[in-house]
Amino acid sequence: MRLVGSEILMECLLEQGVDVVFGYPGGTILNVYDSLVKYKGRINHYLTAHEQGASHAADGYARSTGKVGVVFATSGPGATNLTTGVATAYMDSSPVVFISCNVAENLIGKDSFQEVDSTGVMLPITKCNFQITDVDKLASTVRKAFAIARSGRPGPVFIDILKNVTAEEAEYEFVPREQHKEKGLLKAIYERDMPDIQKPAVDEEDIDKLVSMIKESEKPLLICGGGVVRGRAHEEFNQFANLIDSPTAVTVMGGGGMNGRNPLVTGMIGMHGSQASNIAVNECDILIAVGCRFSDRVATEPETFASQAKIVHIDIDRSEINKNVRTDHHIVGDAKEVLRLLIERLDQQDHSEWKKFVFSYPTETKYDEGGETLNPKQLCDTIARLMPMDTIVSTDVGQHQMWAIQHFHFDYPGQLITSGGFGTMGFGLGAAIGSQIGNPDKSVILVAGDGSFRMNCHELTTVQYYDLPIIIFVFNNQTLGMVRQWQNLIYHKNFSQSDMDRGPDFVKLADAYGLKGYRVNNQKDLEAAIEEAKASGKGCVIDCILDIDEMVRPMVGGGSHITDFMRI
Amino acid sequence: MEKMTNAKRQTLALLVDNEPGVLSQIARLFSRKGYNIEAFAAGATENPGVTRITIDVLADDPHTELLCNQLRKLYPVYSVKWLNSENSIYRELMLIKVLAEGGEQRNDVMQLANIFRAQIIDVSSTTLTLVVTGDDDKLTGMANILSEFKILEIARTGVVAIERGIATINDESKERGEFNYGKNVL
Ligand SMILES: Cc1ncc(C[n+]2csc(CCOP(=O)(O)OP(=O)(O)O)c2C)c(N)n1
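### Focus: the sheet that holds strand β5 (residues 96–102) of chain A
All names here are of chain A. Spatially, β3-β2-β4-β5-β7-β6 is the arrangement adopted by the 6 strands of the open sheet, whose pairing is parallel. Strands at the two margins of the open sheet, each flanked by one partner only, are β3 (44–47) and β6 (128–132). Adjacent strand axes in the sheet meet at a mean angle of 20° when their direction is disregarded. Pairing between strand β4 (residues 69–73) and β5: 5 bridges, direction parallel. Its bridge partner lying in β5, F72 is registered against I99.

### Structural notes on the domain arrangement of chain A
Residue and element names in this part refer to chain A. Taken domain by domain, chain A comprises domain 1 (2–197), domain 2 (204–358) and domain 3 (376–545). Taking the mean C-alpha position of each, domain 1 and domain 3 sit 31 Å from one another. Counting residues at the interface gives 23 residues for domain 1 and 26 residues for domain 3. Summed over both sides, the interface between domain 1 and domain 3 buries roughly 1800 Å², with carbon and sulfur atoms accounting for 66% of that surface. At the junction of domain 1 with domain 3, the criterion picks out 0 salt bridges. Counting residues per element, the ones that place at least two in the side of domain 1 that touches domain 3 are β2 (20–23), β3, α3 (51–65) and α4 (77–91). The greatest single-element share of the side of domain 1 that touches domain 3, amounting to 10 residues, is contributed by α3.

### With respect to the sheet that holds strand β1 (residues 8–17) of chain B
Residue and element names in this part refer to chain B. Spatially, β2-β3-β1-β4 is the arrangement adopted by the 4 strands of the open sheet, whose pairing is antiparallel. Every interior strand has two partners, whereas the edge strands, β2 (37–44) and β4 (77–83), have only one. Taking the axes of each pair of neighbouring strands and ignoring which way they run, one obtains an average angle of 15° across the sheet. Taken together, the 6 bridges between β1 and β4 define a ladder with antiparallel strand orientation. By the bridge assignment for β4, V16 is matched with V77.

### Overview of unusual backbone geometry
All names here are of chain A. A cis amide bond, omega -5°, links G503 with the succeeding residue P504. By the secondary structure assignment, P504 is in the loop between α20 (481–489) and α21 (506–512). Positive phi values are uncommon outside glycine, yet R232 reaches one of about 45°. Position of R232 relative to the elements: it lies in the loop between α10 (226–230) and α11 (234–244). By relative accessible area, which is 22% here, R232 ends up partly exposed. Of note in this structure, Q478 is not a glycine but carries a positive phi near 55°.

### What to know about the environment of A:T88
Residues and elements named next belong to chain A. Relative to the elements of secondary structure, T88 occurs in helix α4. C-alpha separation for the pair T88 and R261, spaced 173 residues apart in sequence, amounts to 28 Å. If we ignore the near neighbours within four places in the chain, the residues touching T88 are H56, D59, R63, S419, F422, T424 and F427. One polar contact links T88 to T424, side chain to side chain, over a distance of 2.7 Å.

### So, the site of the ligand
All names here are of chain A. Around the ligand sit 17 residues in total, of which Q399, G423, G451, S452 and G481 are the nearest. S452 is positioned with one of its side-chain polar atoms (N or O) 2.6 Å from an oxygen atom of the ligand. With the chains in place, 76% of the 590 Å² that the ligand exposes on its own is no longer accessible. Counting only elements with at least two residues in the shell around the ligand, the list comes to α16 (399–407), α18 (450–456) and α20. Top contributing element to the shell around the ligand by residue count: α18, with 4 residues. Residue composition of the shell around the ligand, grouped by class: 6 nonpolar, 10 polar and 1 charged.

### So, the domain arrangement of chain B
Residues and elements named next belong to chain B. One can read the domain layout of chain B as domain 1 (8–83) and domain 2 (89–160). Counting from both sides, the interface comprises 8 residues of domain 1 and, opposite them, 6 residues of domain 2. Where domain 1 abuts domain 2, roughly 470 Å² becomes buried across the two surfaces, and 58% of that area is made up of carbon and sulfur atoms. Viewed at the interface, domain 2 and domain 1 are joined by 0 salt bridges. Our enumeration of links across domain 1 and domain 2 arrives at 0 residue pairs in polar contact (both at pLDDT 80 or more). Where the side of domain 1 that touches domain 2 is concerned, the elements lending two or more residues are β1, β2 and β3 (50–59). Here the residues of the side of domain 1 that touches domain 2 sort into 4 nonpolar, 2 polar and 2 charged.

### Describing the layout of surface pockets
The space that makes up the second largest pocket amounts to roughly 1100 Å³. What lines the second largest pocket is a set of 42 residues, and nearest its centre among them are A:N129, A:F130, A:K144, B:E19 and B:P20. Breaking the lining of the second largest pocket down by element, the ones donating at least two residues are α5 (118–122), β6, α6 (138–150) and α8 (187–190) of chain A together with α1 (22–32) of chain B. With 5 residues, the single largest contributor to the lining of the second largest pocket is β6(A). Tallied by class, residues from the lining of the second largest pocket come to 15 nonpolar, 14 polar and 13 charged.

### A closer look at the packing of helix α15 (residues 376–386) of chain A against helix α22 (residues 523–536) of chain A
Residue and element names in this part refer to chain A. Look at α15 against α22: their axes get within 11 Å of each other, and the N-to-C directions meet at 35°. Read as a crossing pair, α15 and α22 show a hand that is right-handed. Residue-level contacts link Q378, L379, T382, I383, R385 and L386 of α15 to Q523, L526, E527, I530, E531 and K534 of α22. When grouped by side-chain class, the residues that make up the contact of α15 with α22 number 5 nonpolar, 3 polar and 4 charged.

### Considering the pattern of salt bridges
Residues and elements named next belong to chain A. As enumerated under the stated definition, the model contains 41 salt bridges over all chains in all. Taking the shortest distance from any N to any O, the salt bridge between R153 and D317 comes out at 2.8 Å. Of this pair, R153 sits in the loop between α6 and β7 (157–162) while D317 sits in the loop between β13 (310–315) and β14 (329–332); the two residues are 164 residues apart in sequence, bridging distant segments of the chain. In this structure, R484 engages D549 in a salt bridge whose closest nitrogen and oxygen atoms are separated by 3.0 Å. Here R484, found in helix α20, pairs with D549, found in the segment after β20 (540–545); they are 65 residues apart in sequence, far enough to count as distant. A relative accessible area of 10% means that R484 is categorised as buried.

### Some points on the nonpolar core
Residue and element names in this part refer to chain A. Judged by nonpolar contacts, the single largest core of 44 residues is most densely connected at F22, F453, I470 and I472. With 6 residues, the top contributor of residues to this core is helix α17 (residues 427–438). Formed jointly, this core draws a minimum of three residues from each of two domains, domain 1 (2–197) and domain 3 (376–545). Dropping the residues within four chain positions of it, I472 is found in contact with L429, L446, F453, L460, C540, V541 and I542. Counting 40 residues, the second-largest nonpolar core is a separate cluster that includes I8, V68, A145 and I148.

### What to know about the confidence of the model for chain A
Scored by pLDDT, chain A comes out at a mean of 95, with 98% of its residues at no less than 70. For the stretch residues 193–198 of chain A, pLDDT sits under 50, and the model shows 18 contacts to residues farther than four places along the chain or on other chains.

### Observations regarding the packing of aromatic side chains
All names here are of chain A. Counted under the stated rule, the structure contains 10 aromatic pairs over all chains. With centroids separated by 5.9 Å and ring planes inclined at 20°, the aromatic side chains of W354 and F357 adopt a geometry described as stacked. One end of the pair, W354, and the other, F357, are both in helix α14 (residues 352–358), 3 residues apart, so they sit about a helical turn from each other. Overall, the relative accessible area of 5% leaves W354 in the buried class. By relative accessible area, F357 is classed as partly exposed at 32%. When the ring of F453 is compared with that of F506, the centres are 5.4 Å apart and the planes differ by 75°; the resulting orientation is edge-to-face.

Rules and cut-offs
- Residues numbered from 1 in each chain as written.
- Chains lettered and ligands numbered in written order.
- Predicted model: local features only at pLDDT ≥ 70, side-chain atom pairs only at ≥ 80, totals over all residues.
- Heavy atoms only, no water.
- Pairing = 2+ DSSP bridges.
- Helix = DSSP H or I, 4+ residues; strand = E, 2+ residues; numbered from the N terminus.
- Axes fitted to C-alpha atoms, helices over the stretch in contact; angles between N-to-C directions.
- Domains from an automatic or database assignment.
- Contact = heavy atoms within 4.5 Å.
- Buried area = accessible area lost by both parts, 1.4 Å probe.
- Salt bridge = Lys/Arg side-chain N within 4 Å of Asp/Glu carboxyl O.
- Buried < 20%, exposed > 50% of the residue type's maximum accessible area, 1.4 Å probe, protein only.
- Polar contact = N/O pair within 3.5 Å; in protein donor to acceptor, adjacent residues only side chain to side chain.
- Near = heavy atom within 4 Å.
- Areas by Shrake-Rupley, 256 points an atom, 1.4 Å probe, with all protein chains shown as cover.
- Nonpolar A, V, L, I, M, F, W, Y, C, P; charged D, E, K, R; others polar.
- 1 Å grid on protein atoms, 1.4 Å probe; cavity = no way out; pocket = protein on both sides within 12 Å on 5 of 7 lines; lining within 4 Å.
- Points joined across faces, edges and corners; volume = space filled by probe spheres on them.
- Left-handed = near helix turned anticlockwise from the far one by under 90°.
- Core = buried A, V, L, I, M, F, W, Y, C linked by side-chain atoms within 4.5 Å.
- pLDDT = per-residue confidence, 0-100.
- Phe/Tyr/Trp six-rings, centres within 6.5 Å; stacked < 30°, edge-to-face > 60°.

Next comes the structure, spelled out in structure tokens:
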């Protein structure tokens, strides 16, 4: 069948089972937007207020559903507006295919209107990227892009299509994704003219070695990382932890990889890790990290991290092994598969003594009860109590993010949507929008800071227009809290440029966007607002007033020993 | 990047996709991670879709290993070999143009050329141009000696290298399998 490029693109999306696209139109991508009309009902396009919002929405969609997110943007500023979202997806290994169009072939290289070297810009922040200059290669490249985005360690892939390509005709045959491999359409990836590219099995000897290390261990500790979430290996991981009877620390990206209510959970680990987690790291005799990359926020001081332990690293990406900490043993493989093999070979262990020691330290931070104002834990606990158990929680970046991760319990992959690696303020609202669109039957909330919310609050228009029942909690401490905390502890209380002593009034802002706004500063009003919001079934903003000097506790300074807790 | 105390010249051989943008992606990775490329040579291989790149970089051993790992992760990279000077052969080609006006000067240049097994490939009334191949030491040595004449121009290809004996960049290893694992589809 002969189709024009923009139609081939639509068909390729259908091949992949894509029915949701986020984006924003502009000159070079207009052929594609023209075809969208023809595919109405099969491909639903969500128009955001800003390309950055679209990028975070697709990312949130991908993280919460496990499917590949898709974004459309125009050339020049359209493409560059995506970059923060692309980098955010890259750092957190989220599979998103970003598609932009560039100026037509005859205008390339002439600094034409809205021309930018988009693939050059995206180079360091994508898993792979392509420029399509020939309509005959359009379908094969799109197929390859999707395969790469979701394979191995997932990640963003960027495709730049020249405008003329979207209007040119080519022969096209629809082939559903499941048949791409057998029909030889991914040959370029599978065979690559190299003998050894086929997926090797996980090395059984490596597995056996780990099994005997586990059996010898008296003080094991597990780390649940983002790889467990991306690999949807939570059931296996829980089973594994239960079998070893091992205390388990959870990284920011690992939230939902381990059942948050499992009594083995020691809480978060690292800079804002619980005492139980961080002390266990220091005392354990074997540390098994699954799908975690020992970032500087986890291994605050790599040389002394888990110094008494044999460190075992299980990861799908070989380049993570020995990158940040030196390991004693590693297994390269998909978390689900590796854990399954381990479970088969292990019998029930018992580490009561060691657990007694670890859990003699707190797994969660305590706050004074019964104060006049809301405290962060009270706020999180109340939200958690009144919202359904499986509510998806999207966050922005700062103190509120840490509080949310410390105090909510996440039970399944995709329940916590947060920018862990890149720490992108303004991520949360877009991500919540994508999560709600991907999960229409679930409740979705956003936990935002007042600073972060200001960054992209224009996406309220998207919430309103598409009638998304997202409840937005602004943890409003009238400051860039995390910055203030550092200034408080490290910069001698020199609160430079961190006060948010200015508008807008978030209740009025919500109103301007056609959404209901509430302001609450005590338990009773908070509960009433949540109940009303739930009952309304509409999106809304609940502006929750917190004390300006609340801190995230505990805290270990960057570069310090993991048990070197600051006095706060 | 942290300071490296034991940095030395290391040679890496890569097989990569022969596609636009790949060379810049490789080169970018070095600068992004804070390394300066000392030499870079790229050319065709026995396989039409595949380019071989040889890169010399100043780094200590642990950082070189990290760098290899980051390179292996790149999608268009098939294979990376960190070459060991004991069992590899290194060659580079240099063109060097010197000013040699009088008969005496010409004779001296030609004699030196002989010693280095260089050939004279261009002659004009005032210049001689030589071509020489060898490893870095030989080429640098010859350039140093010729500098007693006036050197007008030097062009070097950058080093290429290959292992001795049956070993090749395509050899299977467990590590190589592990790196490819993550690149596989579904
Ligand atoms: C885009 C971006 N700019 C700057 C920062 C640096 N930063 C990290 S946390 C933070 C403060 C966040 O303030 P707010 O959103 O109000 O949250 P709070 O810490 O008060 O809970 C800042 C400025 C960042 N992470 N992202």
